[in-house]
Amino acid sequence: MRYTKDWKDYELIDCSDGERLERWGDIILVRPDPQVIWKTPKTNPLWKKANAYYSRSKTGGGHWEVRSKMPDFWSINYGDLKFNIKTMGFKHTGLFPEQAVNWDYTREIIRNAGRPVKVLNLFAYTGGATIACLAENAHVVHVDASKGMTAWAKENAVTSELSDRSVRWIVDDCIKFVQREIRRGNKYDIIIMDPPSYGRGPGGEVWKLENEVYDFVDLCSQLLYEDSLMVL
């Protein structure tokens, strides 16, 4: 089992009855989590003192209820990495702290490779994995269908003082990009992907995980060197 003890700016304080009580830097948030199926007493006083609470709508979606003053966005650190976060639609903050174990693992693989490493990060979102790879001087191609998320990832690179590293920022449908890379004959040492269950590309392309992921992984295998290091 891989786990991390290195989070100082993120903490899961408590969880009960479909909700998580979390600390993000100095900000306390309450967010829904359908995997929290148990009901234990919410005795921690921070449940009632959270800066913001995400309230689900019975018709789908929801909204943030801000209960005390908080910034529009703020930064948190993970080791030598730094990320900008904010409360955004559908309960998210722009970062998935559970992915830190994967950042650590990927950095170790790159560090021990003994050669320059090319990384393809697909469905790359706000660039957590991209920033981790840049910290190890890998060359990264960052691909996401959202122009806004890609701009956010660029900001994270600046915040982590890694914007001068070797990276290409691509706004594109991931399937179409991979198909073009195959035609170009490009290869990678590491491929990272964290695809959503459902999404749309910049041209309206529909992605459904259960329909697409198996063929897509097979497609991506054509971008690997014979001595590639990892698919994550």
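Residues numbered from 1 in each chain as written. Predicted model: local features only at pLDDT ≥ 70, side-chain atom pairs only at ≥ 80, totals over all residues. Heavy atoms only, no water.

This part covers the side chain of Asn-102. Mapped onto the elements of the fold, Asn-102 is located in helix H2 (residues 100-111). A distance of 3.2 Å separates polar atoms of two side chains, one belonging to Asn-102 and the other to Arg-2. Sequence-distant contacts of Asn-102, that is, excluding residues within four places in its chain, are made with Arg-2 and Leu-232. (Helix = DSSP H or I, 4+ residues; strand = E, 2+ residues; numbered from the N terminus. Polar contact = N/O pair within 3.5 Å; in protein donor to acceptor, adjacent residues only side chain to side chain. Contact = heavy atoms within 4.5 Å.)

This part is about the environment of Ile-110. Relative to the helices and strands, Ile-110 resides in helix H2. For the pair Ile-110 and Tyr-10, spaced 100 residues apart in the sequence, the C-alpha separation amounts to 25 Å. Ignoring any residue separated from it by four or fewer positions in sequence, one finds Ile-110 in contact with Val-117, Val-119, Cys-133, Glu-136, Ala-138 and Ile-190.

What follows covers the packing of aromatic side chains. What the rule picks out here adds up to 9 aromatic pairs. Each ring, one from Tyr-54 and one from Trp-64, has its centre 5.3 Å from the other, and the planes form 75°; the classification is edge-to-face. With a gap of 10 residues between them, Tyr-54 in strand S4 (residues 52-56) and Trp-64 in strand S5 (residues 62-66) connect regions that are remote in the sequence. We note that Tyr-54, like Trp-64, is buried. Connected via pairs of aromatic rings, a cluster forms that spans Trp-7, Tyr-10, Trp-24, Tyr-78, Phe-83 and Trp-103. Over the face of the ring belonging to Tyr-105 we find Arg-2, whose NZ or CZ atom lies 4.6 Å from the ring centre. Between Lys-42 and the ring centre of Trp-47, over which it is positioned, the NZ or CZ distance is 4.4 Å. (Phe/Tyr/Trp six-rings, centres within 6.5 Å; stacked < 30°, edge-to-face > 60°. Buried < 20%, exposed > 50% of the residue type's maximum accessible area, 1.4 Å probe, protein only. Lys NZ or Arg CZ within 6 Å of the ring centre and 35° of its normal.)

Take the packing of H2 against helix H3 (residues 128-135) next. At a closest axis distance of 9 Å, the pairing of H2 and H3 adopts a crossing angle of 30°. Compared by their axis directions, H2 and H3 come out roughly parallel. Every pair of crossing elements has a handedness; the one defined by H2 and H3 is right-handed. Contacts between H2 and H3 pair Trp-103, Thr-106, Arg-107 and Ile-110 from the former with Gly-128, Ala-129, Ala-132, Cys-133 and Ala-135 from the latter. In the contact of H2 with H3, the residues fall into 6 nonpolar, 2 polar and 1 charged. (Axes fitted to C-alpha atoms, helices over the stretch in contact; angles between N-to-C directions. Parallel < 35°, antiparallel > 145°, perpendicular 65-115°, else oblique. Left-handed = near helix turned anticlockwise from the far one by under 90°. Nonpolar A, V, L, I, M, F, W, Y, C, P; charged D, E, K, R; others polar.)

Our next topic: the packing of helix H5 (residues 174-184) against helix H6 (residues 209-220). At a minimum axis distance of 10 Å, the contact between H5 and H6 shows a crossing angle of 25°. If you check the angle between H5 and H6, you find them roughly parallel. Pair H5 / H6 crosses with left-handed handedness. On H6, the residues touching Cys-174, Ile-175, Val-178, Gln-179 and Ile-182 of H5 are Glu-212, Phe-216, Leu-219 and Cys-220. Among the residues forming the contact of H5 with H6, the class breakdown is 7 nonpolar, 1 polar and 1 charged.

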